[in-house]
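# Structural features, examined
The lines below spell out each chain.
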Amino acid sequence: MQTKSAYQMPVSPMAAAVQPSATLAAGAKARQLKTQGIHVYDFSLGEPDFTTPEHIMQAAADAMKAGHTHYTAASGIVELRQAICRWYKKTYGIDYTAEQVIVSNGAKHSIHNTLASIVGPGDEVIIPSPYWVSYSDLVQMTGATYKLVHCSAESGFKMTPAQLKAAISPRSKLLMLNSPSNPTGAVYSRKELESLADVVLDSNLAVLSDEIYEQLVYGDAQATCFAAMRKELYDRTITISGASKSYAMTGWRMGWALGPLHVIKAMGNVQSQQTSCPSSISQYTAVAALDGDQQCVADMRKEFAARRELVLRRLKEIPGVAILPPDGAFYAFFDVSKHFGRTLGGKPVTDSASFCLVALEAAHVNLVQGSAFGAEGYVRMSYATSREQINGGLDRLEQLLK
Ligand SMILES: Cc1ncc(COP(=O)(O)O)c(C=O)c1O
């Protein structure tokens, strides 16, 4: 065995520039404490705590028994792509053919394939901020650059048409939209999206509309499919969604993209060289999820809505915390900047990262710093966990901050 060598294997500039996902990194830190026998109130991960519904798991067992254990078509089995088309027709009244759909290993992979197929060096991608941590790194991996548009709490963390107009440059090629949003839970109304659409249609922008939380909206809020609003938008939008959040299927890695045929074809070519195809068994489970009884989605949404209420009620009682009630997804994104400059748990708190570190070390509460989402001063709490955990964690946070 070699003991010492002058040789150091190179890491490409692209790979060296990629940051590890901040949310996954936060989960890892909490796991470290857990291995020391410490109970951590973990609010860092963006995944439903529910088990995948029984009838969906049964579909996996059936698929295996039926011998669906081989490679599939690179873009996914036609049964699933047709089920996705049916779902969009039923939900939004929009028509897609199976050839306009590509299934990937999770929506994150769908986003990567979309970016890799649309943008490259010299192109600029517009991202409203706060934004999901992965967007910026995924854009950079293509050689393109990104421009963040800061959306304040006063505007409900939503980009205005004037902001979009001002952000467009000759290099702008793509706008990334995410409604309902991770991390803010903001949901654009149809009217708001219509006015952004006017600006888009007056430009050369394509749109990637990440609608993965579309089935998790609360109160009067309604999710809108951007591509379904107008024919001209249909021609310039890639819609992203998947099974992870709506059906508690994060581990099955099922995401999809729908859009103009020539782009979906290009994405299929990329995927065929990358991974050959998504998991055969997962694809059959996704058919069962989309075609099966949707009561499971309603039940999970109801529980998320109750937790949302609980979180909002509890946060109101904690001093120095301000929150804009989220309309969708399963995150509370709140302002903790009033605590900056204090010493908590024996440590100085100067920004969202040091706030989260103190919360984890002194109160065993795991949150994600807003700076990871482009919003210093804030922290993100995922309430995709039990009410006991929420109450226990917020008791701890309240004690720490009082
Ligand atoms: C906004 C957003 N888009 C996409 C994804 C990716 O989901 P998945 O790859 O599990 O389908 C996530 C997951 O956290 C997300 O928050």
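Up top is the structure.
Right, let's walk through the structure included here. Please read these numbers as outputs of a predicted model, since none were measured by experiment.

## Concerning the sheet that holds strand 15 (residues 378-382)
Strands sit in the order 9-10-15-14 across an open sheet of 4 strands; the sheet is antiparallel. Two strands lie at the open edges of the sheet, namely strand 9 (322-323) and strand 14 (368-369), each paired on one side alone. Two elements, strand 14 and strand 15, share 2 bridges in a ladder whose sense is antiparallel. Its bridge partner being in strand 15, Val368 is matched across the sheet by Arg380. Those strands touched by helix 13 (residues 295-316) are strand 9, strand 10 (331-335) and strand 15, and its axis lies near 20° from that of strand 10.

## Description of the environment of Asn178
Structurally, the position occupied by Asn178 is in strand 5 (residues 172-178). The exposure class of Asn178 is buried, given the 25 C-beta atoms found within 10 Å. Expressed as a C-alpha distance, the spacing of Asn178 and Ile127, which sit 51 residues apart in the sequence, is 9.2 Å.

## Notes on the pairing of strand 5
A large share of strand 5 lies buried, amounting to 5 of its 7 residues. In this sheet, strand 5 lies alongside strand 3 (residues 124-129) in parallel orientation, the contact comprising 3 bridges. Paired with Glu124 across the two strands is Ser172, which belongs to strand 5. The sheet contact formed by strand 5 and strand 6 (residues 206-210) spans 5 bridges and is parallel. Bridging from a neighbouring strand, Leu174 pairs with Ala206 of strand 6.

About the criteria used
Residues numbered from 1 in each chain as written. Predicted model: local features only at pLDDT ≥ 70, side-chain atom pairs only at ≥ 80, totals over all residues. Pairing = 2+ DSSP bridges. Helix = DSSP H or I, 4+ residues; strand = E, 2+ residues; numbered from the N terminus. Contact = placed C-beta atoms within 7 Å. Axes fitted to C-alpha atoms, helices over the stretch in contact; angles between N-to-C directions. Buried ≥ 20, exposed ≤ 12 C-beta atoms within 10 Å, placed from the backbone.

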